[in-house]
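Structure assessment
Letter by letter, the chains look like this.
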Amino acid sequence: MTDHFLPDYGLYLLHKGLRPEARWVFFDLPVDHLTRPALRTVSLTLSTEEQGQEYAISFDFTGPRIDDLLATFPEPARERLWHWLENPTTMGQHLSLSPAATLHTVEATLGAVQQGRYERFAPLIVQRVTHRP
């Protein structure tokens with residue numbers, strides 16, 4: 001099963017010597033799905049490419065950053081997302097979103113290495129989100 005996963009970008013950055021407190025800025029991230037791995041965490045997983053190698057990259061939104069994420073969506077979708085987040089039975093679930101939204105900029109730092117069900121990874125912890133003006 002693990003051969004279906006892309007290498008993790010967070011682990012790649014740690015291997016390259018990136019300090020966890022360094023801030024990375026990403027532009028125009030599409031949000032067409034979300035995962036709820038824990039009670040107060042929402043994750044977005046995408047792919048990125050570095051030097052010809054494709055990687056999986058995950059962004060964790062916690063606390064007020066969840067509000068920033070949800071503010072990207074129009075009101076009917078935002079309301080649906082809030083209901084999904086308020087329901088304790090949705091932990092571990094994935095949610096497809098239509099229409100998708102786009103985060104203009106996301107500023108993130110590296111999180112701690114974690115062991116998932118099938119792989120180790122280091123999520124990027126979102127520190128700041130901006131929306132297109």
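Residues numbered from 1 in each chain as written. Predicted model: local features only at pLDDT ≥ 70, side-chain atom pairs only at ≥ 80, totals over all residues. Heavy atoms only, no water.

A word on helix α3 (residues 75-86)
- The first and last C-alpha atoms of α3 sit 16 Å apart over 12 residues, in line with the 16 Å expected at 1.5 Å per residue.
- Within the sequence span of α3, burial applies to Leu81, Trp84 and Leu85. Buried residues of α3, viewed axially, fall in a sector of 95°; they line one side. Exposed side chains of α3 directed beyond 90 degrees from the buried face belong to Pro76 and Glu86.
- On the buried face of α3, the contacting elements are β1 (24-38), β2 (41-50), α2 (64-70) and β4 (94-110). (Helix = DSSP H or I, 4+ residues; strand = E, 2+ residues; numbered from the N terminus. Expected span 1.5 Å × (residues − 1). Buried < 20%, exposed > 50% of the residue type's maximum accessible area, 1.4 Å probe, protein only. Arc of directions from axis to C-beta. Contact = heavy atoms within 4.5 Å.)

Brief notes about the pairing of β4
- Bridge analysis of β1 against β4 gives 10 bridges, and the strand direction is antiparallel. In the strand pairing of β4, Thr35 is matched with His94.
- One ladder, built from six bridges, connects β4 with strand β7 (residues 124-130); its direction is antiparallel. Its bridge partner lying in β7, Ala108 is registered against Val126. (Pairing = 2+ DSSP bridges.)

Concerning the pattern of salt bridges
- Inspection of every chain in the model, using the stated rule, returns five salt bridges.
- Here Arg19 makes a salt bridge to Glu21, at a shortest N to O gap of 2.4 Å.
- On the basis of relative accessible area, Glu21 is assigned to the partly exposed category, the value being 47%.
- A salt bridge links Glu107 to Arg23, with the nearest nitrogen and oxygen atoms 2.8 Å apart. Here the residue Glu107 occupies a position in strand β4, and Arg23 occupies one in the loop between α1 (9-15) and β1, the gap between them amounting to 84 residues.
- With a relative accessible area of 16%, Glu107 lands in the buried category.
- Several salt bridges share partner residues, and in doing so they unite Arg23, Glu107 and Arg128 into one network. (Salt bridge = Lys/Arg side-chain N within 4 Å of Asp/Glu carboxyl O.)

A short note on the environment of Leu6
- On the secondary structure map, Leu6 appears in the segment before α1.
- The exposure class of Leu6 is partly exposed, given its relative accessible area of 32%.
- C-alpha separation for the pair Leu6 and Ala101, spaced 95 residues apart in sequence, amounts to 24 Å.
- The residues contacting Leu6, other than those within four sequence positions of it, are Ser47, Glu54, Tyr55, Ala56 and Glu119.

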